[in-house]
Amino acid sequence: MVLVSAARDYVNRMLQDISGMKVLILDSQTVSIVSVVYSQSELLQKEVFLVEFVDSISKSRESMSHLKAVYFLRPMSENIQQLRRQLASPRFGEYHLFFSNMLKDTQIHNLADSDEQEVVQQVQEFYADFVAIDPYHFSLNIPSNHAYMLPAVVDPSGLQHYCVRVVDGIAAVFLSLKRRPVIRYQRTSDTAKRIAQETSRLMYQQESVLFDFRRTEVSPLLLIVDRRDDPVTPLLNQWTYQAMVHELIGIQDNKVDLRSISKFSKDQQEVVLSSEQDAFFKANMYENFGDIGMNIKRMVDDFQQVAKSNQNIQTIEDMSKFVENYPEYRKMHGNVSKHVTLVTEMSKIVEERKLMLVSETEQELACNGGQGAAFEAVTNLLNNDNVSDIDRLRLVLLYALRYEKESPVQLMQLFNKLASRSPKYKPGLVQFLLKQAGVDKRTGDLYGNRDFLNIARNMARGLKGIENVYTQHQPLLFHTMESISKGRLRDVDYPFVGNHFQQGRPQDVVIFVVGGTTYEESRCVALQNATNSGIRFILGGSVVLNSKRFLKDLEEAQRIARSSTGVV
């Protein structure tokens, strides 16, 4: 419950001590932070009758002095400017100002100067500067996520903004956990190194007093890695519930937008998928697609039993009983129809795009050797008219990552076939990914073929047989967690920052992925934490990726790299 509880606790503290009718004023980023941990009905219980964006408050002049304004904003200069203008001619009776991260002294003085009518009751820092999607998984929802792929010279200010936002987010996570970590980073990533050094400077120099929690136990570990060390995981189709919904439909801040898919009733156009608010989802979010179907059928049967028992209404007493139970009944009905809808839609997409066929080859490319058979399988799928353009591209990318050194001639044949079969394909994208994340750029043993133990393990796995051919892939993160648990994470690959070293085995580890996490990886973390190994892992990233988002970032980085002089 760790991250969700921390963020909820901050929102609780903002709202519960201010009595009376309130308006909650957020910015485009804090709205995500609040919405994943607090439902609208919970806000209403705290007497929040209006939720507004800070920029729309500026546009209205209507006085609402009967309302108390609770602002929760990121401490960015544009938000401070908006606030100063709003305080100059206040519309609300009281102003309670909360910021999601550290304020600069100048910002506090500027706000004080603007509060001529003395309507501000309090100014506080509440360190919820991250989106707590699940108890052990957070995102920073960074819009220009492609920035990490570009060398600093290409877009210095873009990369600077990116790094500052990541450092802010990581700092807030540790402030909310009340811990100061030992910091390590992936040696081959300039961006990871820069973020690690800036985070260290903030925690051990600029704000050393704020981060000095006087704790006696072993310091937690912060490990900063780069998405390009494992470009395979975000390119694969997914077959467990949460990951699959994100891959095929898309999840944003634990909400699924169904408007583009089919005609749904108003209340089903956007559905919430939250392990905190939905017991069925919590129990099934990491289950395989086949099992989900069975579990939903069981839920439908249970629901029908409840519905049947409720149909036997013969007396006034029966009716009043039914009405009493009706909210629960309606909630159950909403939940059943939501999951039935999602699974039905995904089944349609799987059938239309022939994803079982595609996915089998993807898993072979990700997990097993055999270049000749792989080339044949990919060629056949490129020629298959039922395979979509995005699936063709992903197959060639996965093949290229696996066999870039072994079969350059056949790789060229696949490039040409891809270009002829997919008119939208942007030439050079596969080569750009190899420049970014090819074998020479990676630290980790992505395919488990450098280390004798991994080779033996892969052989044993092949002999034993995998329970499900579609979910045999293990993200690189799984092996990283294993190395940390066994104290085998190599200093030469993941150096420490400064002279702060690990004394003993950490109990808390935050792994931050520059470039974004996946739900396959957050499942890995949740399952690892469930083993009670004595180490609690938390996963964070700049965004939550699916293959569509990963490819969009790749295309954007390629476009900028090409347009900047001489850098490809």
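What you see is a predicted model, and the numbers here were worked out from it, not measured in a lab.

Novice: Is there a simple way to explain helix H9 (residues 241-248) in this structure?
Specialist: Taken across its 8 residues, H9 has 8 buried, putting it largely inside the fold. Positioned one or two residues after H9, glycine 250 has a phi angle of 110°, which is positive.

Novice: Honestly, the pairing of strand S5 (residues 120-125) in this entry has me stumped. Any pointers?
Specialist: Consecutive side chains of a regular strand alternate in pointing toward one face of the sheet and then the other. The pairing of strand S4 (residues 92-99) with S5 spans 5 bridges and is parallel. Opposite phenylalanine 99, over in S5, you have glutamate 125 as the bridge partner. In the classification by handedness, the crossover that spans S4, the intervening helix H6 (residues 105-114) and the parallel S5 is right-handed.

Novice: Is there a simple way to explain the environment of leucine 210 in this structure?
Specialist: Mapping leucine 210 onto the fold places it in the loop between helix H8 (190-206) and strand S9 (221-226). In the structure, leucine 210 is positioned 30 residues away from arginine 180 in sequence and 9.7 Å away in space, judged by C-alpha atoms.

Novice: Explanation requested: the side chain of aspartate 253 in the structure shown.
Specialist: Looking at the secondary structure, you find aspartate 253 in the loop between H9 and strand S10 (255-257). Of the buried charged residues, aspartate 253 lacks a salt bridge, with lysine 255 as the closest side chain of opposite charge at 5.5 Å. Looking at aspartate 253, its side chain comes within polar contact range of the side chain of asparagine 141, at 2.9 Å. Residues contacting aspartate 253, with those up to four places away along its chain left out, are Ser32, Ser35, Val36, Val131 and Asn141.

Novice: When you look at the sheet that holds S4 in this model, what are you seeing that I'm missing?
Specialist: Across a sheet, strands are paired by hydrogen bonds formed along the backbone, either parallel or antiparallel in direction. Taking strand neighbours across the sheet as the criterion, the 5 strands line up as S2-S1-S3-S4-S5 in an open arrangement whose pairing is parallel. Every interior strand has two partners, whereas the edge strands, strand S2 (48-53) and S5, have only one. Here the average twist between neighbouring strands, direction ignored, is 20°. Pairing geometry for strand S1 (residues 22-26) and S2, over 5 bridges, is parallel. Residue pairing in the sheet places leucine 24 in a bridge with valine 51 of S2. Sheet strands in contact with helix H1 (residues 2-16) are S1, S2, strand S3 (64-73) and S4, and its direction is about 160° off that of S3.

Novice: Just to check I follow, could you spell out the packing of aromatic side chains for this structure?
Specialist: The way to describe two aromatic rings as a pair is by their centre distance and the angle between their planes. With the rule as written, the count across this model stands at 12 aromatic pairs. One aromatic cluster is present, built from ring pairs that chain together Tyr10, Phe98 and Phe126. Between the NZ or CZ atom of arginine 13 and the centre of the ring of phenylalanine 126, over which it lies, the distance is 4.6 Å.

Novice: Is there a simple way to explain helix H7 (residues 156-177) in this structure?
Specialist: End to end, H7 covers 32 Å across 22 residues, agreeing with the expected 32 Å (1.5 Å per residue, within 8%). Along H7, 16 of the 22 residues are buried, which leaves the element largely enclosed by surrounding structure. Looking one or two places after H7, you find lysine 178, whose phi comes out positive at around 55°.

Novice: Honestly, the domain arrangement of the protein in this entry has me stumped. Any pointers?
Specialist: It is common to give the size of an interface as the accessible area lost on bringing the parts into contact. Domain boundaries assigned for the protein yield domain 1 (2-129), domain 2 (133-230 + 475-561), domain 3 (241-353) and domain 4 (355-441). Inter-centroid distance (C-alpha atoms) of domain 1 to domain 2 is 29 Å. Residue-level contacts link 13 residues of domain 1 with 21 residues of domain 2. Together, Val2, Leu3 and Met102 form the three largest contributors to the area buried by domain 1 at its contact with domain 2, with a combined 43%. Where domain 1 touches domain 2, the interface holds 2 salt bridges.

Novice: Sorry, what's going on with the pattern of salt bridges here?
Specialist: Working definition: two side chains of opposite charge can pair if their charged atoms are close together. As enumerated under the stated definition, the model contains 26 salt bridges in all. Between aspartate 226 and arginine 228 there is a salt bridge; the shortest N-O distance is 2.8 Å. Between arginine 259 and aspartate 257 there is a salt bridge; the shortest N-O distance is 2.8 Å. For arginine 259, a relative accessible area of 53% gives the class exposed. Through salt bridges with shared partners, a single network forms among Arg74, Asp129, Arg165 and Asp168.

Parameters at a glance
- Residues numbered from 1 in each chain as written.
- Predicted model: local features only at pLDDT ≥ 70, side-chain atom pairs only at ≥ 80, totals over all residues.
- Heavy atoms only, no water.
- Buried < 20%, exposed > 50% of the residue type's maximum accessible area, 1.4 Å probe, protein only.
- Helix = DSSP H or I, 4+ residues; strand = E, 2+ residues; numbered from the N terminus.
- Pairing = 2+ DSSP bridges.
- Right-handed = clockwise from strand over helix to strand, strands pointing away.
- Lys, Arg positive; Asp, Glu negative; His and termini not counted.
- Salt bridge = Lys/Arg side-chain N within 4 Å of Asp/Glu carboxyl O.
- Polar contact = N/O pair within 3.5 Å; in protein donor to acceptor, adjacent residues only side chain to side chain.
- Contact = heavy atoms within 4.5 Å.
- Axes fitted to C-alpha atoms, helices over the stretch in contact; angles between N-to-C directions.
- Phe/Tyr/Trp six-rings, centres within 6.5 Å; stacked < 30°, edge-to-face > 60°.
- Lys NZ or Arg CZ within 6 Å of the ring centre and 35° of its normal.
- Expected span 1.5 Å × (residues − 1).
- Domains from an automatic or database assignment.
- Buried area = accessible area lost by both parts, 1.4 Å probe.

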